[in-house]
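Tertiary structure, described
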Amino acid sequence: MPKLNLSTALNLLPVIGPALASAPEFIRLFEEFGAALGSSDQAVLKKSLELAQTNSAHAHNDLQGLVAQHAGT
Amino acid sequence: MIKRFCLALAAIVSLAGCATLPAVLGGTPAGYADRTVLDEQGALFANLTYTAASKGAALAIRTGIIKSPSAIKRIGYLDAKAYAAVDAVNRAYASLNAASYAVALDEAKRTLADLTAAF
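What counts as what
Residues numbered from 1 in each chain as written. Chains lettered and ligands numbered in written order. Predicted model: local features only at pLDDT ≥ 70, side-chain atom pairs only at ≥ 80, totals over all residues. Heavy atoms only, no water. Salt bridge = Lys/Arg side-chain N within 4 Å of Asp/Glu carboxyl O. Helix = DSSP H or I, 4+ residues; strand = E, 2+ residues; numbered from the N terminus. Buried < 20%, exposed > 50% of the residue type's maximum accessible area, 1.4 Å probe, protein only. Expected span 1.5 Å × (residues − 1). Phe/Tyr/Trp six-rings, centres within 6.5 Å; stacked < 30°, edge-to-face > 60°. Core = buried A, V, L, I, M, F, W, Y, C linked by side-chain atoms within 4.5 Å. Contact = heavy atoms within 4.5 Å.

**Some thoughts on the pattern of salt bridges**
Inspection of every chain in the model, using the stated rule, returns four salt bridges over all chains. Residues A:Asp62 and B:Arg62 are paired through a salt bridge, measuring 2.8 Å at the closest nitrogen-oxygen approach. Taken together, the positions of A:Asp62 in helix 4 (residues 42-71) and B:Arg62 in helix 3 (residues 37-62) put the pair across two chains. When its relative accessible area of 32% is taken as the criterion, A:Asp62 is described as partly exposed. A network of salt bridges, in which partner residues are shared, links B:Glu107, B:Arg110 and B:Asp114.

The following block contains the structure:
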């Protein structure tokens with residue numbers, strides 16, 4: 001399975017618009033997981049999955065906090 | 001614009017030459033105590049797609065792209081459903097339960113589509 005080409009991934013960022021393209025959290029996401037997505041090494045995938053699960057939890061808490069703040073829930 | 005990001009993420013996944021996101025999410029999980037690379041990849045894609053979608057929604061709220069309280073509340077509701085679905089994928093993966101893993105991946109695919117459609 002060919003590895004993800006990170007520079008190719010970053011070249012797609014302008015497609016999503018400058019506001020998102022420059023957001024560091026998206027660049028970080030690609031950088032952290034670019035290698036894992038193209039890997040067939042189970043150890044690499046397991047480690048990446050643990051990190052991805054932590055990121056999901058943080059992203060969820062952040063969004064719910066924003067919703068509570070802006071929508072008064 | 002934000003939806004384009006999620007489409008771009010799916011495009012990036014397909015650029016890797018691996019199975020496309022929907023195919024991986026719909027892939028057959030391994031049997032009990034016999035995890036395959038596909039299990040990790042399915043769970044990884046579900047988590048990454050969720051993180052991208054929820055960060056996109058958060059950015060849309062922070063930058064004022066989405067400002068109405070009712071729209072924000074709806075995003076909160078859809079986010080809770082999507083996160084619960086991804087959490088179910090993670091738990092099914094951890095418990096080596098092939099049947100619940102397959103069901104959870106289907107549900108994650110559906111709820112993530114609902115979340116990304118909201119902004």
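The discussion continues.
**Quick look at helix 4 (residues 69-94) of chain B**
With 26 residues, helix 4 of chain B extends 37 Å between its outermost C-alpha atoms, agreeing within 8% with the 38 Å of an ideal straight helix rising 1.5 Å per residue. Just beyond helix 4 of chain B, the residue with positive phi is B:Leu96, at close to 60 degrees.

**A look at the packing of aromatic side chains**
Residue and element names in this part refer to chain B. Per the stated rule, a full pass over the model turns up one aromatic pair over all chains. Ring centres 5.4 Å apart and planes at 50 degrees place the aromatic pair Tyr-50 and Tyr-83 in the tilted group. Taken together, the residues Tyr-50 in helix 3 and Tyr-83 in helix 4 connect sequence positions 33 residues apart. Tyr-50 sits in the buried class, given a relative accessible area of 0%. The buried category is assigned to Tyr-83, whose relative accessible area is 18%.

**Some thoughts on the nonpolar core**
Counting 32 residues, the largest nonpolar core has A:Leu63, B:Tyr50, B:Ile75, B:Val89, B:Tyr101 and B:Leu115 as its most contacted members. For this core, the secondary structure elements donating two or more residues are helix 4 of chain A together with helix 3, helix 4 and helix 5 (98-117) of chain B. The leading source of residues in this core is helix 4 of chain B, at 10 residues. Apart from residues no more than four positions distant in its own chain, B:Leu115 is found in contact with B:Tyr50, B:Ala53, B:Ser54, B:Ile75, B:Leu78, B:Asp79 and B:Ala82. With five residues, the next largest nonpolar core counts A:Phe33, A:Leu45, A:Ala52 and B:Leu48 among its residues.

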